[in-house]
Amino acid sequence: AQTVTQSQPEMSVQEAETVTLSCTYDTSENNYYLFWYKQPPSRQMILVIRQEAYKQQNATENRFSVNFQKAAKSFSLKISDSQLGDTAMYFCARGGGSNYKLTFGKGTLLTVNP
Amino acid sequence: DVKVTQSSRYLVKRTGEKVFLECVQDMDHENMFWYRQDPGLGLRLIYFSYDVKMKEKGDIPEGYSVSREKKERFSLILESASTNQTSMYLCASSFSGAGGYTFGSGTRLTVV
């Protein structure tokens, strides 16, 4: 089975600091997509950022950026200037190519402390 | 804004009951999915559908069935609810694998 691994079940960071969440994945496809989703305590899962595997440039969305290392099959999320509202469960996911299903990691619970 | 709506936020059912979880999307998406979310296990795919009246089993289909009579609606059915089906259920839809999913708010089901 092709898997997505998030090795950090929980992390914490001080407000205004930077934190990096790790994700590695397995795939045999050449064309695929990677995603980070955020699930705040209110439960609605929302898309934070996406990366197309054929693009070398790392995706960025405001304070959120990724470090995509295709050869290493690594896709980490960096959150800069952390805010209290960033407290959430974060899920890494892989999908695309010929397969429209997403495979999710088990999640990382991030707590931002004041 | 694009929306996926799950009919119930919280649900309490008795063991052996037949349970229907409803999901409706307004984006004309072809693909719809049901996941369950449990602490430490992440999201596990139960069933998905890529067209009306089409369905495919995911990773944990046992004890569940689905119905997709209309494009916008995808229902998850627990034929005879059991306590090990107590969980958070998430519905999602997508146009393609490239764009990712849009999720509903989730249904917290408790089977007693």
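See the structure printed just above.
A brief structural summary. Model, not experiment: these values are computed from the prediction.

With respect to the state of the cysteines
- What the rule picks out here adds up to 2 disulfides over all chains.
- Linked covalently through their sulfurs, Cys23(A) and Cys92(A) form a disulfide whose S-S length is 2.0 Å. Because the sign of the S-S torsion sets the handedness, a value of about -70° for the bond joining Cys23(A) and Cys92(A) places this disulfide among the left-handed ones. In this pair, Cys23(A) sits in the loop between strand E3 (19-21) and strand E4 (24-25) while Cys92(A) sits in strand E10 (residues 88-96), placing the two residues 69 residues apart along the sequence. Like Cys92(A), Cys23(A) is buried.
- What pairs with Cys23(B) in a disulfide is Cys91(B), and their sulfur atoms sit 1.9 Å apart. On the sign convention where negative is left-handed, the bridge of Cys23(B) and Cys91(B), at about -75° about the S-S bond, is left-handed.

Focus: the environment of Glu15(A)
- Within the secondary structure layout, Glu15(A) lies in the loop between strand E2 (10-14) and E3.
- Residues within four places of Glu15(A) in sequence aside, it is in contact with Ser82(A), Gln83(A), Leu84(A), Val112(A), Asn113(A) and Pro114(A).

Overview of the pattern of salt bridges
All names here are of chain B.
- Evaluation of the coordinates by the stated rule reveals 10 salt bridges over all chains.
- We note a salt bridge from Lys 18 to Glu 79, for which the minimum N-O separation is 3.6 Å. With a gap of 61 residues between them, Lys 18 in the loop between strand E2 (10-13) and strand E3 (19-21) and Glu 79 in the loop between strand E9 (73-78) and strand E10 (87-94) connect regions that are remote in the sequence.
- For Glu 79, a relative accessible area of 42% puts it in the partly exposed group.
- Glu 30 serves as the salt-bridge partner of Lys 71, at 3.0 Å between the closest nitrogen and oxygen. Linking Lys 71 in the loop between strand E8 (64-70) and E9 with Glu 30 in the loop between strand E4 (23-25) and strand E5 (31-38), this pair joins segments that are 41 residues apart in sequence.
- Classification of Lys 71 as partly exposed rests on a relative accessible area of 22%.

Basis of the calculations
- Residues numbered from 1 in each chain as written.
- Chains lettered and ligands numbered in written order.
- Predicted model: local features only at pLDDT ≥ 70, side-chain atom pairs only at ≥ 80, totals over all residues.
- Heavy atoms only, no water.
- Disulfide = S-S within 2.5 Å.
- Helix = DSSP H or I, 4+ residues; strand = E, 2+ residues; numbered from the N terminus.
- Buried < 20%, exposed > 50% of the residue type's maximum accessible area, 1.4 Å probe, protein only.
- Contact = heavy atoms within 4.5 Å.
- Salt bridge = Lys/Arg side-chain N within 4 Å of Asp/Glu carboxyl O.

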